[in-house]
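Given next are the chains, with one letter for each unit.
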Amino acid sequence: CVSGTSATCLLVKKNTLDISREARMYNYDIASSSAATNDGKTLKSKGAKAGKHADTPAERVLQLINTFVPEKHTARANTGSLAKLLLWNEESPIVDDAGETQEVLCHQSDYISLSLMHEGDDEGEETCV
């Protein structure tokens, strides 16, 4: 059994499960990340307002979350897995030009368990979403 913080996640290559981007820890806040600024200042709001032009990757993600995720839902968190996944996609698309998914999201505990259980084979690929 491996215990890990649920919102610590990373992207891995779909076919090999090799880590493709640096992990984002449970407390990584997209609103205060380097992707949130154009001028070195962090976003002050909890999200971009609907109808307002989003200038940074983080603002675009916050606008998506505000538009599509219900009020008071845990998926609205700036530190949540959805926010991290959407920000990664804004920074560099997860899907290639042919529409094929190249990377998948994996929570830290799933990745560690997968690595321990399936070292050297391709069996647990479905564990990562």
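These numbers come from a predicted model, not from an experiment. (Residues numbered from 1 in each chain as written. Predicted model: local features only at pLDDT ≥ 70, side-chain atom pairs only at ≥ 80, totals over all residues. Heavy atoms only, no water.)

**Overview of the pairing of strand β2 (residues 19-24)**
Here strand β1 (residues 9-13) pairs with β2 via three bridges, running antiparallel. Residue pairing across strands places cysteine 9 opposite arginine 24, the latter belonging to β2. Once β1 ends, the chain turns through five residues before running back antiparallel as β2, passing leucine 17 with a positive phi of about 60°. (Pairing = 2+ DSSP bridges. Helix = DSSP H or I, 4+ residues; strand = E, 2+ residues; numbered from the N terminus.)

**Observations concerning the sheet that holds β2**
Spatial ordering of the open sheet is given by β2-β1-β3, a layout of three strands whose pairing is antiparallel. Because the sheet does not close on itself, it has two edges, and the strands there are β2 and β3 (103-107). Averaged over all neighbouring strand pairs, the angle between strand axes comes to 20°, with direction disregarded. (Axes fitted to C-alpha atoms, helices over the stretch in contact; angles between N-to-C directions.)

**A short note on the packing of helix α1 (residues 57-68) against helix α2 (residues 81-91)**
One can describe the packing of α1 onto α2 by two numbers: an axis separation of 9 Å at closest approach and a directional angle of 130°. Taken together, α1 and α2 sit at an angle that is classed as oblique. Pair α1 / α2 crosses with right-handed handedness. When α1 is examined against α2, the residues Pro57, Ala58, Arg60, Val61 and Ile65 are found in contact with a partner set consisting of Leu82, Ala83, Leu86, Leu87 and Glu90. (Parallel < 35°, antiparallel > 145°, perpendicular 65-115°, else oblique. Left-handed = near helix turned anticlockwise from the far one by under 90°. Contact = heavy atoms within 4.5 Å.)

**Focus on unusual backbone geometry**
Excluding glycine, residues mostly carry a negative phi; peptide bonds, for their part, are mostly trans. Unusually for a residue other than glycine, leucine 17 sits at a positive phi of about 60°. Relative to the helices and strands, leucine 17 is located in the loop between β1 and β2. We classify leucine 17 as buried; its relative accessible area is 13%. Positive phi is not limited to glycine here, since lysine 72 has a value of about 65°. With respect to the helices and strands, lysine 72 occurs in the loop between α1 and α2. Among the residues examined, lysine 72 registers a relative accessible area of 82% and is labelled exposed. (Buried < 20%, exposed > 50% of the residue type's maximum accessible area, 1.4 Å probe, protein only.)

**What about α2?**
Since the α-helix advances by 3.6 residues per turn, residues separated by three or four positions end up pointing in the same direction. Of all the positions in α2, only Ser81, Ala83, Lys84, Leu87 and Trp88 are classed as buried. End-on, the buried residues of α2 take up no more than an arc of 160°, which puts them together on one face. Buried residues along α2 sit in contact with β1, β2, α1 and β3. (Arc of directions from axis to C-beta.)

**Some details on a nonpolar patch on the surface**
A surface patch of nonpolar side chains, amounting to about 330 Å² of accessible area, comprises Ile112, Leu116 and Met117. Summarising the element assignment, leucine 116 is placed in helix α3 (residues 108-117). By relative accessible area, which is 62% here, leucine 116 ends up exposed. (Patch = residues over 30% accessible without salt bridge, like charges linked within 9 Å, V, L, I, M, F, W, Y side chains within 5 Å. Areas by Shrake-Rupley, 256 points an atom, 1.4 Å probe, with all protein chains shown as cover. Salt bridge = Lys/Arg side-chain N within 4 Å of Asp/Glu carboxyl O.)

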